[in-house]
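Coordinates in review
Here's the letter readout for the chains.
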There are 2 protein chains.
Amino acid sequence: MIQISTGDSRPIFRQIVDSIRLQIATGELEPGTKLPSVRGLAMQLTVNTNTVAKAYNELTAQGWLESRPGLGLFVSKPRKLFSDRERERRLNEAVQQFINQVIGLDYDPDELLQRLERDLRALDIRSARSAGNE
Amino acid sequence: MIQISTGDSRPIFRQIVDSIRLQIATGELEPGTKLPSVRGLAMQLTVNTNTVAKAYNELTAQGWLESRPGLGLFVSKPRKLFSDRERERRLNEAVQQFINQVIGLDYDPDELLQRLERDLRALDIRSARSAGNE
DNA sequence: CCATGTGTACTGTGTGTGGTGGTACAGTAG
DNA sequence: CTACTGTACCACCACACACAGTACACATGG
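Residues numbered from 1 in each chain as written. Chains lettered and ligands numbered in written order. Predicted model: local features only at pLDDT ≥ 70, side-chain atom pairs only at ≥ 80, totals over all residues. Heavy atoms only, no water.

Taking an unreviewed UniProt entry as the reference, chain A is identified by name as GntR family transcriptional regulator belonging to Microbulbifer rhizosphaerae.

**Side note on the interface of chain B and chain A**
By a widespread convention, an interface's size corresponds to the accessible area lost as its parts come together. So the rule is basically this: Residues are treated as being in contact if the distance between any of their heavy atoms lies within 4.5 Å. A simple way to read buried area is as the amount of 1.4 Å-probe accessible surface that goes missing from two parts once joined, with both sides added. For this document, the term salt bridge refers to a Lys or Arg side-chain nitrogen within 4 Å of an Asp or Glu carboxyl oxygen. Polar contacts, as counted here, are pairs of nitrogen or oxygen atoms within 3.5 Å of one another; within protein the pair requires one atom able to donate a hydrogen and one able to accept it, and residues that are adjacent in sequence qualify only if both atoms are side-chain atoms.
Facing the 44 residues of chain B at the interface are 45 residues of chain A. Summing both partners gives a buried area of about 4,300 Å² for chain B against chain A, and 61% of it is carried by carbon and sulfur. It is Ile-103, Asp-106 and Arg-115 of chain B in chain B that bury the most area against chain A; as a group they hold 15% of the surface buried on that side. Scanning the region where chain B abuts chain A turns up four salt bridges. Residues Arg-121 of chain A and Asp-110 of chain B are paired through a salt bridge, measuring 2.6 Å at the closest nitrogen-oxygen approach. Put simply, chain B and chain A have 10 residue pairs in polar contact (both at pLDDT 80 or more) between them.

**Topic: the protein's contact with DNA strand D**
We count it as follows: It suffices for a single heavy atom of a residue to lie within 4 Å of a molecule or strand for the residue to be listed as near it. Under the DSSP-based scheme used, a helix requires at least four consecutive residues in state H or I and a strand at least two consecutive residues in state E, with every element numbered from the N terminus. Three classes are used: nonpolar for Ala, Val, Leu, Ile, Met, Phe, Trp, Tyr, Cys and Pro, charged for Asp, Glu, Lys and Arg, and polar for all others, with Gly counted as polar.
In the vicinity of DNA strand D lie 23 residues, with Val-38 of chain A together with Ile-12, Asn-48, Asn-50 and Pro-69 of chain B positioned nearest. Contacts to DNA strand D include Ser-37 of chain A, whose side-chain N or O atom sits 3.2 Å from a phosphate oxygen. In the environment of DNA strand D, a phosphate oxygen lies 3.0 Å from a nitrogen or oxygen atom belonging to the side chain of Thr-51 of chain B. Those elements that provide at least two residues to the surface near DNA strand D are α2 (38-45), α3 (49-61) and β2 (72-75) of chain A together with α1 (12-25) and α3 (49-61) of chain B. The element that contributes the greatest number of residues to the surface near DNA strand D is α3 of chain B, accounting for three residues. Taken together, the residues of the surface near DNA strand D break down into 10 nonpolar, 10 polar and three charged.

**Considerations on the packing of helix α5 (residues 109-123) of chain A against helix α5 (residues 109-123) of chain B**
Cut-off, in case you're wondering: A fitted line through C-alpha atoms serves as each axis, taken over the contacting stretch for helices, and the angle formed by two N-to-C directions is quoted from 0 to 180°. Throughout this description, any angle smaller than 35 degrees is read as roughly parallel, any larger than 145 degrees as roughly antiparallel, any in the 65 to 115 degree range as roughly perpendicular, and the remainder as oblique. We call a crossing left-handed when the near helix sits turned anticlockwise from the far one by less than a right angle, and right-handed when that turn is clockwise.
In contact at an axis separation of 10 Å, α5 of chain A and α5 of chain B are set at 165 degrees when each is read in the N-to-C sense. Overall, the two elements α5 of chain A and α5 of chain B adopt an arrangement that is roughly antiparallel. Every pair of crossing elements has a handedness; the one defined by α5 of chain A and α5 of chain B is right-handed. On α5 of chain B, the residues touching Pro-109, Asp-110, Leu-112, Leu-113, Leu-116, Glu-117, Leu-120 and Arg-121 of chain A of α5 of chain A are Pro-109, Asp-110, Leu-112, Leu-113, Leu-116, Glu-117, Leu-120 and Arg-121 of chain B. In terms of residue class, the contact of α5 of chain A with α5 of chain B is built from 10 nonpolar, no polar and six charged.

**What about α5 of chain B?**
Residue and element names in this part refer to chain B. This is how the line gets drawn: A helix is expected to span 1.5 Å multiplied by its residue count minus one. The buried label applies to any residue whose accessible area, calculated with a 1.4 Å probe on protein chains only, is under 20% of its type's maximum; exposed applies above 50%, and partly exposed to all values in between. Arc definition: it is the arc formed by the directions from the helix axis to the C-beta atoms.
Compared with the 21 Å implied by 1.5 Å per residue over 15 residues, the 22 Å span of α5 between its first and last C-alpha is a close match. Along α5, the residues classified as buried are Leu-112, Leu-113, Arg-115, Leu-116, Asp-119 and Leu-120. End-on view of α5: buried residues confined to an arc of 160 degrees, all on one side of the axis. Of the residues in α5, the exposed ones pointing more than 90 degrees away from the buried face are Gln-114, Arg-118 and Ala-122. Capping the start of α5 is the job of one residue whose side-chain oxygen sits 3.1 Å from the backbone nitrogen of Asp-110: Asp-108. Positive backbone phi, approximately 60 degrees, marks Asp-124, located one or two places after α5.

**Side note on the domain arrangement of chain A**
This is how the line gets drawn: For every domain, the bounds stem from an assignment made automatically or drawn from a database.
Split by domain assignment, chain A resolves into domain 1 (12-75) and domain 2 (84-123). Taking only C-alpha atoms into account, the centre of domain 1 of chain A sits 27 Å from that of domain 2 of chain A.

**A closer look at the protein's contact with DNA strand C**
By nearness alone, 23 residues border DNA strand C, and Ile-12, Asn-50, Thr-51 and Pro-69 of chain A together with Val-38 of chain B come closest of all. Within 4 Å of the protein, atoms of DNA strand C come from sugar and phosphate in 63% of cases. A distance of 3.4 Å separates a phosphate oxygen of DNA strand C from a polar backbone atom of Phe-13 of chain A. Of all the elements, α3 of chain A adds the most residues to the surface near DNA strand C, at three residues.

**As for the pattern of salt bridges**
All names here are of chain B. Tallied over the entire structure, the rule returns 25 salt bridges over all chains. Taking the shortest distance from any N to any O, the salt bridge between Asp-119 and Arg-118 comes out at 3.6 Å. Asp-119 sits in the buried class, given a relative accessible area of 12%. For Arg-118, a relative accessible area of 53% puts it in the exposed group.

And the structure:
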């Protein structure tokens, strides 16, 4: 089930991308599963078809989905998505951004780490994407 | 010293805000210190004066800086900036955003936490903002 | 008094992104 | 042939960002 929120500051197409990517990473959506059609999901979310198509395009370009012409989009099998340099760059960017966002909130570092650990473990990420598959 | 990078995806005024806020939070800029003038910093960064003014305005609105008419802007004394609800909301938003950014990178949760702990402790944040001052 | 430097507030103008609406086309299944 | 699929366009509007210029009130040093 994909949901979007008007109160969310993120663009609509990004909410869709994040939502689907999260469901794939947690195993809620398994490889081979067919996704709702562009027009169907757009109807359900009451948004434009182009907005859904944009989200699907990004997910396909990043290797999360695969397109079968005339049939639809399907969750692809896990594989390595980024180079080591790109992984490191993105992680560093995410860390810096996180720090900038919490820097004025006066939280203790231990409290921040504890909170992150709780939310990270609650997801139960499938981490078999870079190893154990050919 | 404030620097901006053209390769950074963040808007210029946000880079300025983050940079100054970080320097205040780490104690690199002490309360009472006078900041570069709007026109001076704009000249130094080869950026429009309005862009610098926008950054300074946000920092002043959030309580990091204080304006003395005709004199300039100065680092204000630490104090509580947000309500408890706002603090919690912003922390939650930052955590969710961080997770969304690293979810496809196939990092082990422990590795993520270790990295965050390292970068957080390296900053040595001044955490006396909500207690011990009147 | 006057010139200079300070923040602040406007009014434009241009560019890029996000979102919507509509049309069109190739591939697949019934 | 019909209906569904993704995909690629086009046009339009709204908004944020950045730049450019002007103006005003304040404080300081001549």
